[in-house]
Amino acid sequence: MCQVKLIVSNWKMNLNVSDSKKLIKDLIKFSNNNSIEHVVCPQFALIPSVSRLIKESKITLGAQDCHHEKIGAYTGDTSVQILKELNCKYVILGHSERRDYHSETNELVKKKVFLAISEGLKPIICVGESIEDRKSNNYLNIIEKQLDVCVPNDYNNVVIAYEPIWSIGTGQVPTNKEILEMKKFTYNFLKSKKRIHKVNFLYGGSVNSMNFHEIMNDTKVDGALIGGSSLKIIEMNKILTFC
Ligand code: PGA
């Protein structure tokens, strides 16, 4: 029996309406693998059309961010309420591109995580260190701080995506030993500090059809957060037929 994997497609700010429709229709054809839960996270404006198309399929819908308040005068932002109405079940929070380009702090990510949970959305909480922190051996401190602030106590079944910043979109992937170290560290920290006994630990950063199987088999992580490769049907076909 294969361990069920959570595969999260992070489309980022890519694809237009017609290309996204084509991709989702193709993805539906590969979405009958019972060993995989596939969550697709399009940019906000694509969510309504993708939501309609996946209705009868096994694909789950997610968003790439949400605002930390329920409603109000926040020009340009998107509320959890709308995401729920559009049938989103997951929301990616604390992605390093949000932290970098929108100055999102751990405290802000924490507010978003709490709101998402209280409104019934599942947060996919992203953590990851810079290359400088990796080289100076400071990476565990960075991850510990992110987990400590962003993850609520006693929140079992939490989804953590470990994405080293130096690995996102670069083709550089940590060794399986490094991923395993982070997995163990995360499990231990969340257990001892947050009383969380069930963690879904995803790896993200330059995952593709060539490295996916080895990472899954050797590290036994619970799944992957996939950016660039999630836009290519040939890549996703190979990934989604895992097991
Ligand atoms: P990548 O992006 O797979 O293109 O490296 C992953 C992510 O940023 O979620």
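The structure contained in this document is the topic of the report that follows. For clarity, every value in this text was computed on a predicted model and none was experimentally measured.

A closer look at the overall build of the chain
Each helix and strand in the chain was counted, giving 10 helices and 8 strands. Its C-alpha atoms give the chain a radius of gyration of 17 Å, near enough to 18 Å, the size a compact globule of 243 residues would have. Dimensions of the chain along its principal axes, counting C-alpha atoms only, are 45 × 45 × 30 Å. Counting the 243 residues in the chain, one finds 53% classified as buried. Considering only residue pairs separated by 6 or more positions, the chain has 75% of its internal contacts joining residues 24 or more positions apart. As displayed, the chain offers around 11,600 Å² of accessible surface, 52% of which is attributable to carbon and sulfur atoms. Charge-centre separation for the chain: the mean point of 32 positive side chains lies 5 Å from the mean point of 26 negative side chains.

Some words on the pairing of strand β1 (residues 5-10)
Every regular strand shows the same layout, with side chains that alternate between the two sheet faces. Within β1, 6 of the 6 residues are buried, which leaves it mostly tucked inside the rest of the structure. Neither face of β1 is left uncovered, since the one carrying Lys 5, Ile 7 and Ser 9 and the one carrying Leu 6, Val 8 and Asn 10 both have all their residues buried. Each parallel crossover has a hand, and the one from β1 via helix α1 (residues 17-29) to strand β2 (residues 36-41) is right-handed. Here β1 runs beside strand β8 (residues 223-226); their pairing, made up of 4 bridges, is parallel.

Side note on the packing of aromatic side chains
Across all of its chains, the model carries 3 aromatic pairs by this definition. With 6.4 Å between their ring centres and 25° between their planes, Tyr 162 and Phe 201 make a pair best called stacked. With Tyr 162 in strand β6 (residues 158-162) and Phe 201 in strand β7 (residues 199-204), this residue pair connects regions lying 39 residues apart in the sequence. Under the relative-accessibility criterion, Tyr 162 is labelled buried at 0%. Ring centres of Phe 185 and Phe 189 lie 6.4 Å apart, and the angle between their planes is 15°; this geometry places the pair in the stacked category. With Phe 185 and Phe 189 both in helix α8 (residues 176-194), this residue pair falls 4 residues apart, about one helical turn. Counting every residue linked through ring pairs, the aromatic cluster contains Tyr 162, Phe 201 and Tyr 203. The lysine or arginine in question, Arg 134, covers the ring of Tyr 139, its NZ or CZ lying 3.7 Å from the ring centre.

Quick word on the site of the ligand
Inspection of the region around the ligand gives 13 residues, with Lys 12, His 95, Glu 163, Gly 169 and Ser 206 positioned closest. Between Asn 10 and the ligand, the recorded distance is 3.4 Å, taken from a side-chain N or O atom to an oxygen atom. Within the side chain of His 95, one N or O atom sits 2.7 Å away from an oxygen atom of the ligand. Protein contacts shield 94% of the accessible area of the ligand, which totals 280 Å² for the unbound molecule. Counted by class, the shell around the ligand contains 3 nonpolar, 8 polar and 2 charged residues.

Here we look at α8
Residues separated by three or four positions in an α-helix point in the same direction, a consequence of the helix having 3.6 residues per turn. Its 19 residues give α8 an end-to-end C-alpha distance of 26 Å, which sits within 8% of 27 Å, the value for a rise of 1.5 Å per residue. Residues of α8 that are buried sit in contact with α6 (131-135), α7 (139-150), β6, β7 and α9 (212-219). Phi for Arg 195, located one or two positions after α8, is positive at around 55°.

A short note on the pattern of salt bridges
Counting across every chain of the model gives 14 salt bridges. Of the charged contacts, one joins Arg 98 and Asp 65 as a salt bridge, the two residues approaching to 3.2 Å between their closest N and O atoms. In this pair, Arg 98 sits in helix α4 (residues 96-101) while Asp 65 sits in the loop between β3 (60-63) and α3 (80-85), placing the two residues 33 residues apart along the sequence. We classify Arg 98 as partly exposed; its relative accessible area is 22%. Note on Asp 65: relative accessible area 6%, which makes it buried.

Re the sheet that holds β1
With respect to topology, 8 strands assemble into a closed barrel ordered β1-β2-β3-β4-β5-β6-β7-β8, the strand pairing being parallel. For this sheet the average axis-to-axis angle between neighbouring strands, irrespective of direction, equals 25°. Pairing geometry for β7 and β8, over 3 bridges, is parallel. Among the inter-strand pairings, Gly 204 is bridged to a residue of β8, identified as Leu 225. Most of the contacts of α7 go to strand β5 (residues 122-127), to which it runs at about 155°, and overall it touches β5 and β6. Packed onto the sheet, α9 meets β1, β7 and β8 and runs at close to 145° relative to β8.

Quick notes on the rules
Residues numbered from 1 in each chain as written. Predicted model: local features only at pLDDT ≥ 70, side-chain atom pairs only at ≥ 80, totals over all residues. Heavy atoms only, no water. Helix = DSSP H or I, 4+ residues; strand = E, 2+ residues; numbered from the N terminus. Rg over C-alpha atoms; globule rule 2.2 N^0.38 Å. Buried < 20%, exposed > 50% of the residue type's maximum accessible area, 1.4 Å probe, protein only. Contact = heavy atoms within 4.5 Å. Areas by Shrake-Rupley, 256 points an atom, 1.4 Å probe, with all protein chains shown as cover. Lys, Arg positive; Asp, Glu negative; His and termini not counted. Charge placed at Lys NZ, Arg CZ, Asp CG, Glu CD. Right-handed = clockwise from strand over helix to strand, strands pointing away. Pairing = 2+ DSSP bridges. Phe/Tyr/Trp six-rings, centres within 6.5 Å; stacked < 30°, edge-to-face > 60°. Lys NZ or Arg CZ within 6 Å of the ring centre and 35° of its normal. Near = heavy atom within 4 Å. Polar contact = N/O pair within 3.5 Å; in protein donor to acceptor, adjacent residues only side chain to side chain. Nonpolar A, V, L, I, M, F, W, Y, C, P; charged D, E, K, R; others polar. Expected span 1.5 Å × (residues − 1). Salt bridge = Lys/Arg side-chain N within 4 Å of Asp/Glu carboxyl O. Axes fitted to C-alpha atoms, helices over the stretch in contact; angles between N-to-C directions.

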